[in-house]
Amino acid sequence: MRTISSASGQEETVSVRRSESADAQGIDRLISPSALAVFGRVNAIHLLEKANLAVTLVNEKDDILAHASFLDHPVGDLVDPTHWKPFLQKHFKAGKCTPLNTLFLHLFVAEPEFATASVKEIMRAVFIAIAELEYICLVSPNVGSLEPALDEMFEPLQPRTGPTPQCLAFICHREKHCPRLHVRPARVEDHDDIMRLFAEQTNLLSVVNQPYFLAELIEAEDEKNHSAVCEGDGVAMGFIRVTSDFDLKRLHDSFELSGIDGLYEPQQIKQDEPAAPSDSKEEDEEPRKTRTSVSQREEETQPTGAAHFPEKSNTVCIQFFIIDKNYEMRSVDCIPYIFSHFPDADFCIITVPALSPEFLLLQSFLRVPPRVTSLLPLELYIFHRAGLRNVKVRPAVAADRPAVSDLVKGLRLNELLLQDLDCFYETRRDPDGVALQAFVAQAQSQVVGILIVRDEQDIEYIRAHYNIENFIYFSHHRYEEHAQIRHFVLKPFFQHFTKHVFKEVLRLAHKSCLFHRIYSSHNSQENSCVHHLDFVLNCAVPVRPRRQIIYPLKELGINAPSRQITESQASFGLYLISRKLTMEPKVTINARIVVVGASDTGLSFLEVLCSCPHLRFNHLSLVSTHGFLNVYNHEDVGFLSTSHAYSSRDLAQLPLHSNVSVVTGKMLGINRKSKHIRVSGGRKVPYDHLVLCTGLQYQVPCPTGVDLSQPITIKQLQPQSRYTGPIPSNLFTLNDLSDCIAARRWLCANFVELEDNAVVYGNSIDVFTTIETLLCLGIRGNRIHLVLPPLKPGDSCFSDSAVEKVVAMEMEKAEVQVHHNSLLAQMNYGAHPDPLTSVSFTTEAEPLHLQCGVFINLSNKGVDYDAFKSINNSFMVFDSRLVIKATFHTSDSAICGAGPLTKFSRCYYADEWSHANYNSKEVGQDLAAALLPLFDPTLEPVAEPPPEQDRLVPLYKQPKIQVSSDRAGVRPFFTTDSPTLSRSFSRSPQLETRSGASRPWTQMSPLRTDSKMLRVKRLWKAAL
């Protein structure tokens, strides 16, 4: 917030933020005749939609005082947007203006009293926010007089000799309003100014507690170590310490540096003596504020000369970097100075704590991913000298073909890229006849990138199936302005120009929106060569899918929606880049967030994080026993009921695959001290925030082992213990889709054609779904034995006696044999259980003996034993379930729990309530909402609840649903379970799908009217 004064002396506290569509009415109110004379007639909504940058000046009451819109081409139709640079250079002395460093003012309006102060404040904010911006031009075909505020800010462009077009041409220079920082060698006299910055922004004790540490550091300079200050207004506003003496081998061991050409390989580094064991602990520092590199800690913990290079190093490392927050946007001014002082260096690196927010200097650096085996709690960033060169984007020409071929050599699907490039050269169209456009990014004379776009032919399908109107007003974009990214390749060290490349392609191609589709890895539709995908994701926003109506097309006839909307396509995740998003900032989150369990709760939590348009999470990991099984649906495989929270189509449409790293395996241990979990196979997965949502699983039943020759009743039996014996090959305990697929395949190969019995053991809705599946596979009902174990007091599989009668009638009609109140006593009469040929049960009357060809277990649901051991051995509170607070936290603040795995602490006096009572998807969304304030600077930190609410458990509204499908004539049914409603079962009304088969109405979602514009979170207030 800053204070400005009007011409009459009135003061207002103001801030500059990104404009929103809701500002249009206030902007129209400010448009004056003098603005119309310069900018022409303006449609505010359309201008906000197409502007690369639109900013609004507001006061504390959020009243609009001024507005300015900037585009990447001049006003009106004075010149084609693709040719403005030669136009300016031909008629005016504007040789330094390039598409990279220039924007054009298309509208400025303000309250008359605050016009002069407002334009100064807006120009200052824009120059601060856009680091590469050097010039703002006002070029308009409307020859009118500038209002005094603009006339004071802009100066005329000097015309060249010869005839000039009839137009206004003015320019505003950065250096007169927000100059670059001057970087110079540090002096001892700068000590006090630098120490002030350290005291304000860090808790690094090695600096703060040693009064002369920095002075000694500056004095101890040599050819390998250098200190510099960033000077603004004659005062040191920043400090940077660079060294070429650091341990590159350690970085090679911890980060994926093998693919970076030019860095020394590990075998080129010789050791005089073994390096001291690395210590991942930070030295008394606050990781969210301190910006230091690993080399500084090594100077204090490792012996001098622990590693050296056989020749002069080509890499330097930033040890310290700190800058005043008001000048942080100018951090990039330090980079050219570093390479000028170290002329032999090709690389500059910096390491920061993983929990440290990504400060603005790092946005110009390339993030290097850590190795899978690395537990180092640091992030590595690297910058190549070549990145100092400017990048020019232009249409591809035939002469670029060899350079492009070399650029994409060795990349996946590179042949498809070259085929499309050849089609562009020959016909400007792809084999389907759709228009193609190809552009190359060029640094000096070298081709460093290529982008091929294709006219989007399915824009109506996209609009109907994805919420693109969360980000754009569709009616303000012509159909031909939408394009699809076919291929994108950019050399890694030019990644900080990615947004510029997309902005230029939109301008040169006369497009306003670029869409990128991401197909699942198993999908054959993937035909785009994209390298690196992270570069696209850093600029684009994920678009959520819309919930769909399944229309009865035959009944609707000519009234059915267009085939463009209803036709079936392979599912894909969708990302969008529009003109106004090319300068939209994103916050990068490097915190390592690990989710254990691919349950509805875990997937819902990850969905919320991945769908935040203004956040980019680099370290999202999902630990799952079988990974993502998105090829099948539960309703296709059968056996288990489903909540229909996530189908395979849903998973393919969400941005999970492109943002989440999947670790296949089971959690076997938690090391809370070192902050990592141990996974089956020996892998260690480090975390900063661990989310446990493994849910509950059916356990292998443990026979009681009683002597059935002796009279005994169920009430006399002791509680069952955990089964530790060999598991029969024909005993299937079904917990997830992978288990169901394996069971289905085994049954089809080894059982269906035989005459043996199938024993289904359990007492839940899943046993009836399993019977449906067995009948559907062609197994006769008289071969199926349903054994129902005793229920706990107060429990009921069906709470409605009418439903129980209907189910019993259906079982009888299908000739399924049902045995009530039976408890497993023996397998194979106590002999070796594999293969399982007979099972015996204790009942209230005579023992039950059944011949068994396959035993399907759906009983004894509880916490997985490995999960229990991991929790218990790490000394977290476990009371039949993982104990959590209402805020999802366990006894360890870095570990959260959610879903049926958990229960609320007894201090809430709510033992009858737990997450198992609620909709798991809603619980996951609430968990994400609880953790997001830790990462999102646009959200206020969660306040502590008042004492009277500190012992209240959360409330949820969505019902918990389990659905059985219609198979083999058995009636489908669903259950809804809500804390405020008694659980009820009812037959699901039937609707007809596109294939004509009936299915439950729970699949049918009403068409949802989405808001016209859900505003993307704006980060300008934080930046300015």
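Below is a summary of the structure that appears in this document.

The rules behind the values
Residues numbered from 1 in each chain as written. Predicted model: local features only at pLDDT ≥ 70, side-chain atom pairs only at ≥ 80, totals over all residues. Heavy atoms only, no water. Helix = DSSP H or I, 4+ residues; strand = E, 2+ residues; numbered from the N terminus. Buried < 20%, exposed > 50% of the residue type's maximum accessible area, 1.4 Å probe, protein only. Areas by Shrake-Rupley, 256 points an atom, 1.4 Å probe, with all protein chains shown as cover. Salt bridge = Lys/Arg side-chain N within 4 Å of Asp/Glu carboxyl O. Pairing = 2+ DSSP bridges. Axes fitted to C-alpha atoms, helices over the stretch in contact; angles between N-to-C directions. Core = buried A, V, L, I, M, F, W, Y, C linked by side-chain atoms within 4.5 Å. Contact = heavy atoms within 4.5 Å.

Moving on to the overall build of the protein. Helix and strand content of the protein: 28 helices and 50 strands. Within the span of the protein, comprising 1024 residues, buried residues form 56% of the whole. A total accessible area of about 44,800 Å² is found for the protein, and carbon and sulfur atoms account for 50% of it.

Opposite charge on two side chains permits them to pair, given that their charged atoms come into close proximity. Summed over the entire model, instances satisfying the criterion amount to 43 salt bridges. The shortest N-O distance in the salt bridge between Arg906 and Asp879 comes to 2.7 Å. Placement of Arg906 in the loop between strand S45 (902-904) and helix H27 (920-931) and of Asp879 in the loop between helix H26 (865-873) and strand S43 (882-884) is noted, with a sequence separation of 27 residues between them. A relative accessible area of 47% places Arg906 in the partly exposed class. Overall, Asp879 belongs to the partly exposed group, its relative accessible area being 24%. The network of salt bridges with shared partners includes Glu134, Arg174, Arg180, Arg330 and Asp333.

Attention now goes to the sheet that holds strand S41 (residues 854-858). Across the sheet, which stays open at both edges, the five strands sit in the order S34-S41-S35-S36-S37 with parallel pairing between neighbours. The two strands at the open ends of the sheet, each matched to only one other strand, are strand S34 (731-733) and strand S37 (817-819). The sheet shows a mean angle of 20° between the axes of neighbouring strands, direction not considered. Relative to strand S36 (residues 784-787), strand S35 (residues 758-762) runs parallel, the two being bridged by four bridges. Bridged to Tyr761 within S36 is Val787.

Among the nonpolar cores identified, the biggest contains 56 residues, and Phe70, Leu105, Phe108, Ile136 and Phe154 are the most heavily contacted of them. Here the element with the most residues in this core is helix H5 (residues 115-129); it accounts for ten residues. Leaving out residues up to four positions away in the same chain, Phe154 has contacts with Leu105, Met123, Ile136, Cys137, Leu138, Phe170, Ile171 and Cys172. If you look at the next biggest cluster of nonpolar residues, it comprises 47 residues, including Ile382, Val505, Leu508 and Ala540.

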